[in-house]
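Results of the structural survey
Here is how the chains run, residue by residue.
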Amino acid sequence: MKFGVVQFPGSNCDFDAFHALRNVMKRPTVMLWHKDHDLQGVDCVVLPGGFAYGDYLRVGAIARFSPLMQEVRTFARGGGRVLGICNGFQVLLELGLLPGAMLRNKDLKFLCQHVHIRVEDAKTDFTRAARKGQVLRIPIAHFDGNYYAPARTLRDIERNGQVVFRYCEADGTVTAEANVNGSMGNIAGIRNTEGNVLGLMPHPERASEALLGSEDGRTIFESLILSLERRKPARRPAAGKAARHD
Amino acid sequence: MKVRILVSFKDSVLDPQGQTVTNALHTMGYDAVMNVRQGKVFDLDLEGVTRKEAEALVPEIAHRVLANPIIEKFDWEILKVR
Amino acid sequence: MKVRILVSFKDSVLDPQGQTVTNALHTMGYDAVMNVRQGKVFDLDLEGVTRKEAEALVPEIAHRVLANPIIEKFDWEILKVR
Amino acid sequence: MIDKALLDQHNLTEDEYRLIVELIGKEPNLTELGIFSVMWSEHCGYKSSRVHLKKLPTEGSRVVQGPGENAGILDIGDGQVVVFKIESHNHPSYIEPYQGAATGVGGILRDIFTMGARPIAVLDSLRFGPPDDPKNRSVMEGVVSGIAGYGNSIGVPTVGGEVYFDPCYALNPLVNVFCLGLADKDKIFYAKAEGAGNKVLYVGAKTGRDGIHGATMASAEFGKETEHKRPNVQVGDPFREKLLVEACLEVMDRGIIVGIQDMGAAGLTCSTMEMAAKGGMGIVVDLDKVPQREIGMTPYEILLSESQERMLLVAAPEKVAAVQAIFAKWDLDAPVIGEVIEGGRARISFKGEVVVDVPVDAVVNLCPAYNRPIVAPAPPPPAPDLDVLPLPADLGDVFLKILASPTIADKQWVFRQYDHMVQVNTVFLPGADAAVLRIKGSKKALAMTLDGNGLYTRLDPRTGARIAVAEACRNLACVGARPIGVTNCLNFGNPEKPEVMGQFEQAVTGIAEACRTFAIPVTGGNVSFYNDTEGLSIHPTPVLGIVGIIKDIRKAVRPGFRAAGDTVVLIGESLEELGGTEYLKTFHGLEAGAPPAIDLEQEKLNQEFLLDSIEAGLIRSAHDLSEGGLAVALAECAFHGQGQVGCAIDLDDAGRDDALLFGESQSRIVVTCRRANVAGLLKGAVAAGVPAKAIGRTGGTAILVRRSGREILHVPVDEAFHAWKDSLPAFFKVRT
Ligand SMILES: Nc1ncnc2c1ncn2[C@@H]1O[C@H](COP(=O)(O)OP(=O)(O)O)[C@@H](O)[C@H]1O
Ligand SMILES: [Mg+2]
């Protein structure tokens, strides 16, 4: 299996994601250039954090028109796994692969700090290495992470169980104080209805090594690896479930 | 041709920047200001476009690129035809 | 009364956002757009103010609070007197 | 045509003008005059400081590049080097706080990557007027968000820094930004134009009319009049700079260029002239080829513009296409605007006419140096007589006040606006004594810190400067890092005032002495004079940036108490010193007395002892004593610890209670160790000639200090924590 990390002009966590996947998780990983049309046969596309196009105009607004993103859209529609981290999440929203939009943080300040997020659904391809209700400690670093969706969209998201992570206290309770950026429903990460596309504001690649203070982010990468590698019939003969995505 | 596009939050979306400006103005004693909403303005220079063409082109650009229809609305006008 | 204040960089000041939007539009094939300048718009609700008073108040607020006169200029208009 | 008024406008004296005429053998035209005016400005020419800066030690076994280039370079082994420097952006940050600070970050980043290094860390040293004044707050908000806006976007973590508040900075805030980059030793690049026939390429933003004479602005005193003239502030474009970083590092990595230089102060003029002078060559430039943002720009404007995010490259003719291809990949144009020539002259043409023809050596290297008149700095206002200074009734209350004083209070409000983790190297986040970054693929780590107490330096420039060096090294020692090199930013008033030059001379002497003691070379720095507004000078404020190495990252030590039951040991000696303290300032409203004394040799012994003990694995936590003294240091150890462990301390020193708790005697460190290791540690101290004693235990929920059995401080950790934590945010609460 192979990961691909997309590089937009202005991406700045591209090498961090690459480092986490290749050197920490030890999986084949390639860089994907935004001007290309070729996904190089990757099994999972990672849209990294940063400031694609300087975040000018609106976060993620210009990046979504990149040639490569048209391929990513097709890839996602075909069931390919796509993980959007921070700015990558914002690009997925602009692209329409995930519902909703991002507003400025409620205090109008950039926020860089560790937060706690609760795993709301441990059955997704991005969380199967976690337990439902498990609390992960992962840093955020963003100016526009205040998740917004119109009332009806929000209702659908909740009803479909698309909320995968919520900001919470260390003990897992979801409070207004834990909601550092003002997101609706304390939403920190959501998936699409099919479950193959996930976006989240916290940076799992910054929480993948004990030396850097937390390894909780690995859970997300481990989950992806689990779900992708199980697809291989050699490893898991009863590949009935995975076949759906092929 | 010069056109101006104004992009602002839909009324249903909270505008924290506008709110902050309102508060700042109150702190400074400008009590006549009841409310402020903040948006963006884009001034475009167009070339080789008729008014008719502009009427199709400008809303397209505004809708596709300059505004996010989930949270924003836009308005536009021709400033100068030349 | 509703007033609108437009704040933008002076012409001689670099507008990185406008420049980046221009480039993006070109990449997308919108070649008729020669140049984009991006600014901010503030819509203010004023209460208990005459037109005359507004004519003193609004530029003061724009100058002191909304724009930094060193790099920005502003323009304003009354939208609705009520 | 060139008269006194024109010279005044260009900040040149008549003597300097005569020298120019002599050096170039003709009357300069207006464009040439403009060139000399910026290149011979205080900011670029170091006219007033050069004779003094010579005193600084610059040699050392690790030094690859000392002062004189864009940044200093030190060898850190394993084929790698660190490239680092500090710069000020004080004047622009007062005029336009957001953009002034943002472009300050942009500028220092260019100094680093222009040498072939990838910037991996930024630190910021800030000084503002007190935050209870809304004007000061708005400057601070603008500066902090400007630094964040630029650094975060470009993806270089801002990992540390410092913030002080004093009324003397209200009209003249200080914004000093440090950047460090990492490079392979065999891939360093210099700002040299070599090889006649090589092409000169221009990359980055188009040239506009912005920032003309920024360098001259930083070289003159500010008054009401200058403020309303308010010229020359640029808007930063971090996105374009990010593209420049990636593209420049790529062409350097491919080895297809000869030399590279950023366009900083004095823009195109400085970069072309300096590159030619350093290569011992001449240069021709065709201004019509320079990308321009505005129409109708004159040669004078094009040459003196300080538009941001621009670089100048030299490449062999056959490599030009390859270079341009890489820039095109990053959506950047890289037109050829000139050529390297033999002969040492710069010939610049515009619309087919030669508009500048001068010897580059005269412009770059022959700026006069002045030994300006000096008077010894006035002695500080005398310290209050300790026999009459009232002892506060409630020291707990004083303690809480000091913790809440903006200079001491928690700076999270500032640094959480900075992305301090991007690039996944930051091991110690802001809040530790020094920032610690791992080096991927190595056991080694880098530590860095900025320090400088302007009040100490005002009260006694030489001592204050020595303390700044000592404290920076002490901060490094506390995390387990040995210092390897120094950069410094000297923020002073108007050098034409003899007392300011006196302060400057004394401070540089102090820095030199301390650096010699610690055997660390100064590899570069920056001088910012004319920090005077309306005739009022700031405290002379040298800011020291010191870089250290930790041999084994697993041995690095943090400031916070680790657990209850450890023994607290105080290294260093406490004297009854109150001059210049935060306590006198906050509680008694006095900026007076001599700053604490410092014995550099003893300081060095203490630090060496700490480092050896850390490397031997004896130390569980370490934190240095600085502003606020022992009481504040203990509190910070409690706040940073797991679960906010308190402590109980027993002292038997002589002297006043307030001096014991809040005195700022130097060379002290509070460490903790396991009980079993105390005896060994103390024995080692005796052998090393280092005063050290066990003063108490960690544990409990309060900070408790007894003096010969009598309780003199007893405050719950939680209460102290809130005083410290909530202070800064409270000033910035949105009021409705
Ligand atoms: N402007 C700033 N930017 C980033 N970090 C800061 C800033 N100011 C303070 N800090 C961080 O807060 C901590 C405390 O700073 P300070 O009180 O100056 O420490 P010390 O007195 O030990 O030098 C340090 O880790 C420092 O890096
Ligand atoms: Mg300090």
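Our subject is the structure that appears above.
The present account deals with the structure reproduced in this document. (Residues numbered from 1 in each chain as written. Chains lettered and ligands numbered in written order. Predicted model: local features only at pLDDT ≥ 70, side-chain atom pairs only at ≥ 80, totals over all residues. Heavy atoms only, no water.)

**Details of the side chain of D:Gln308**
Residue and element names in this part refer to chain D.
- Assignment of secondary structure puts Gln 308 in the loop between helix H13 (299–304) and strand S10 (310–315).
- For Gln 308, a relative accessible area of 9% translates into the label buried.
- Polar contacts involving the side chain of Gln 308 include one to the side chain of Arg 110, which spans 3.0 Å.
- Every residue in contact with Gln 308, bar those within four places of it in the chain, is listed here: Thr 103, Arg 110, Ala 205, Gln 234 and Val 235. (Helix = DSSP H or I, 4+ residues; strand = E, 2+ residues; numbered from the N terminus. Buried < 20%, exposed > 50% of the residue type's maximum accessible area, 1.4 Å probe, protein only. Polar contact = N/O pair within 3.5 Å; in protein donor to acceptor, adjacent residues only side chain to side chain. Contact = heavy atoms within 4.5 Å.)

**What to know about the environment of A:Leu111**
- Looking at the element boundaries, A:Leu111 is found in strand S6 (residues 111–119).
- Using a relative accessible area of 3% as the deciding quantity, one classes A:Leu111 as buried.
- The spacing of A:Leu111 and A:Asp144 is 33 residues in sequence and 9.3 Å in space, taken between C-alpha atoms.
- If sequence neighbours within four positions are ignored, A:Leu111 has contacts with A:Asn105, A:Ile140, A:Ala141, A:His142, A:Val180 and D:Arg416.

**Section: the interface of chain C and chain B**
- Contacts between the two partners involve 29 residues from chain C, matched on the other side by 29 residues from chain B.
- Together chain C and chain B conceal approximately 2,600 Å² of surface at their shared face, both sides included; 66% is due to carbon and sulfur atoms.
- For the interface between chain C and chain B, the tally reads zero salt bridges.
- Linking chain C with chain B are 14 residue pairs in polar contact (both at pLDDT 80 or more).
- Of all the elements in the fold, those that place two or more residues in the side of chain C that touches chain B are strand S1 (2–9), helix H1 (16–27), strand S2 (33–46) and helix H2 (51–66) of chain C.
- The element that contributes the greatest number of residues to the side of chain C that touches chain B is S2(C), accounting for 14 residues.
- Of the residues that constitute the side of chain C that touches chain B, the class distribution is 18 nonpolar, three polar and eight charged.
- As judged from the 13 bridges shared by strand S2 (residues 33–46) of chain B and S2(C), these two strands associate in the antiparallel manner. (Buried area = accessible area lost by both parts, 1.4 Å probe. Salt bridge = Lys/Arg side-chain N within 4 Å of Asp/Glu carboxyl O. Nonpolar A, V, L, I, M, F, W, Y, C, P; charged D, E, K, R; others polar. Pairing = 2+ DSSP bridges.)

**What about the packing of helix H7 (residues 97–113) of chain D against helix H8 (residues 134–154) of chain D?**
Residues and elements named next belong to chain D.
- Two elements in contact, H7 and H8, have axes separated by 7 Å at closest approach and are oriented at 40°. At the point where H7 passes H8, the crossing takes the right-handed sense. Facing H7, whose interface residues are Pro 97, Tyr 98, Ala 101, Ala 102, Val 105, Gly 106, Leu 109 and Arg 110, H8 presents Val 139, Gly 142, Val 143, Ser 145, Gly 146, Ile 147, Gly 149, Tyr 150, Gly 151 and Ile 154.
- Residue composition of the contact of H7 with H8, by class: 11 nonpolar, six polar and one charged. (Axes fitted to C-alpha atoms, helices over the stretch in contact; angles between N-to-C directions. Left-handed = near helix turned anticlockwise from the far one by under 90°.)

**Topic: the packing of helix H20 (residues 498–518) of chain D against helix H22 (residues 600–615) of chain D**
All names here are of chain D.
- It is at 10 Å that the axes of H20 and H22 come closest, and there the two elements cross at 40°. Considered as vectors, H20 and H22 are oriented oblique to each other. Of the two possible hands of crossing, H20 and H22 adopt the one that is right-handed. Residue-level inspection shows Glu 513, Ala 514, Thr 517 and Phe 518 of H20 in contact with H22, the latter providing Leu 600, Glu 601, Glu 603, Lys 604 and Gln 607. (Parallel < 35°, antiparallel > 145°, perpendicular 65-115°, else oblique.)

**With respect to the interface of chain C and chain A**
- Taken residue by residue, the interface counts seven residues in chain C and five residues in chain A.
- By the criterion of area lost to chain A, the three top residues of chain C are C:Gln17, C:Thr20 and C:Met28, representing 59% of everything that side buries.
- Across the chain C-chain A interface, the total number found is zero salt bridges.
- One can count one residue pair in polar contact (both at pLDDT 80 or more) joining chain C with chain A.
- If one sorts the elements of the side of chain C that touches chain A by residue count, H1(C) sits on top with five residues.
- Of the residues contributing to the side of chain C that touches chain A, the split by class is four nonpolar, three polar and no charged.

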